[in-house]
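# Structural characterization, general
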Amino acid sequence: MNYTPSPHINPDKVFLINRSELEGRFDATYYKLKERILRNFKFPLEKLGNSFFIKDGDHDKLPENAIADSFKGKRYLRAQDLKANSIIDENPIFVTETYFQNVKRCHIYPGDLLFSIMASLGSTAIVPENYPVCTANRAVGILRQKDKSKLLPKFVQALLDTNLGFSLLELEKRGAIQQRLNLSDLATLKLPAPDIAFQNEIVQVYNNGVKIKQQKETEAKALLDSIDDYLLGELGISLPEVDNSLANRIFISKYSEITAGRFDSYYYQKHFKEFFALLSKSKYQVSTIAEIAKKIASGITPLSGGDAYTSAELGIPFIRSGNIDIDGDIDFDDLLYLKPEIHNKVMKSSKLLKNDLMIAIVGATIGQVGIYLDEREANINQAIALVRLKAGINHSYVKELLKSSIGQMNLNRLKRPVARANINLEEISSMAIVLPPLEKQNEIADHIQGIRGQAKALQLEAAQALETAKQQVEKMILGE
């Protein structure tokens, strides 16, 4: 039967879908948005499942008896292990051989395309050659190329990393609370399939962008890594090597050496003692945070969902430890906001002012240090220590010292070796600070800020290089 729409009907809002085109969903918006994307492609479309075997990993959370150490286990990948178009090795997890053999359907081999299929999307990696066979959790999608495939894994990776590819994946997400991509939806996902030679051209453009990005990031990292050596050199301090051998972990401490109310062996390790002995020989004065601060405090966390919170327009920024990034910056778009009366009454002791130091003292981000540089007041939760310095001390210098190996050695000694590491305010107050004259503090702070500025510029260039490559990939796919 032919259908002729009325001239009074807006074709952008009213359209027909054949029953054969239904994909197990009945929301009109899904089909309309998907059609708008697909009609822009200038190449034949290929279902992902026709070119790839598609599977996911096993378990949202590993059983405790499945976790192994790195010497005996097999690598276990999570979505957060897929970054910068590669598999990263920060805080890796390994599983036992028994667990690994029980999840053979989830095994991952060199050449497989991996990407996040739960929560945030967009992180991808192709398993490099000679990479040991590993496995993953359910947040990782695993695509293995079939014989006579019309799609190259590296082409699919390049496409999924563009705004076009990301939009297609976003449309396929399901779930109200914990969204994810279903394997069946991925199998029917249609992607443009130009000839293999043209796919390789696109891969080359994308890889060039990735290569430039990685080069710029490596240069930025080298600059940032140089900060510690510069600071130690200016202060005339060398730190002891950390020796974790069994012989070095066995030691005796006299009762008279027990201090700070600490009776755990971790606190009295040899390299901590050596560190403070070296620090005391510095050519500059060594003070404690208590001696250079006029205020040290932490906040509280009002009940989640309670009436203490309000909108960004009406409220006071409420900073949690996870809001302080690696550079100490604050993303105000990712904050909660307190009602002014909560800030001024219930939490008045933890008001944050411009130039206050923020030190994360609980959990995964423990030791992260930042400076609050905004003019408006803010507040903090109990996982942050607020340190307000006395006049005549350069807050940027103190921040850099706390971020350096000197500050981190202080913090590493203080944090308790328990499941959720923590440091209390009394311990923060006791931290040792090398304090040269103000003129020298200013010189060091200015030099380090210059290094951080150069590194930031390189990081921006890195991001722009990849973004330019992705835009070029989109134009090639769209035939522009």
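Let us look at the structure shown here. Just so we're clear, the structure is a prediction, and the values are computed from it rather than from any experiment.

## Re the environment of N422
For N422, the position within the fold is in the loop between α13 (405-414) and α14 (425-429). With 39 residues separating them along the chain, N422 and A383 place their C-alpha atoms 8.5 Å apart.

## Some points on helix α12 (residues 395-403)
Side chains three or four residues apart in an α-helix point the same way, a direct result of the helix having 3.6 residues per turn. Among the nine residues that make up α12, seven are buried, leaving the element largely enclosed by the rest of the structure. Those residues of α12 that fall on the buried side of the exposure criterion are S396, Y397, V398, K399, E400, L401 and L402. N-cap assignment for α12: the residue whose side-chain oxygen lies 2.8 Å from the backbone N of S396 is N394.

## Comments concerning the environment of A79
Tracing the backbone shows A79 in the loop between β4 (74-77) and β5 (82-83). Along the primary structure A79 and V140 are separated by 61 residues, whereas in three dimensions their C-alpha atoms are 5.6 Å apart. Among residues more than four places away in sequence, those in contact with A79 are S116, S123, N137, A139 and V140.

## Remarks on a negative patch on the surface
A cluster of acidic residues, D325, D331, D333 and D334, forms a negative patch at the surface. On the secondary structure map, D325 appears in the loop between β18 (316-319) and β19 (336-338). The class for D325 is partly exposed, based on a relative accessible area of 33%.

## Some words on the nonpolar core
Ranked by internal contacts, the top residues of the largest apolar core, which has 44 residues, are L235, I359, Y397, L402 and I428. Considering each element in turn, this core owes the most residues, five residues, to helix α7 (residues 196-235). Beyond its immediate chain neighbours, meaning those up to four positions away, Y397 contacts L231, L235, V434, L435, P436, Q441, I444 and A445.

The rules we used
Residues numbered from 1 in each chain as written. Predicted model: local features only at pLDDT ≥ 70, side-chain atom pairs only at ≥ 80, totals over all residues. Heavy atoms only, no water. Helix = DSSP H or I, 4+ residues; strand = E, 2+ residues; numbered from the N terminus. Buried < 20%, exposed > 50% of the residue type's maximum accessible area, 1.4 Å probe, protein only. Polar contact = N/O pair within 3.5 Å; in protein donor to acceptor, adjacent residues only side chain to side chain. Contact = heavy atoms within 4.5 Å. Patch = residues over 30% accessible without salt bridge, like charges linked within 9 Å, V, L, I, M, F, W, Y side chains within 5 Å. Areas by Shrake-Rupley, 256 points an atom, 1.4 Å probe, with all protein chains shown as cover. Salt bridge = Lys/Arg side-chain N within 4 Å of Asp/Glu carboxyl O. Lys, Arg positive; Asp, Glu negative; His and termini not counted. Charge placed at Lys NZ, Arg CZ, Asp CG, Glu CD. Core = buried A, V, L, I, M, F, W, Y, C linked by side-chain atoms within 4.5 Å.

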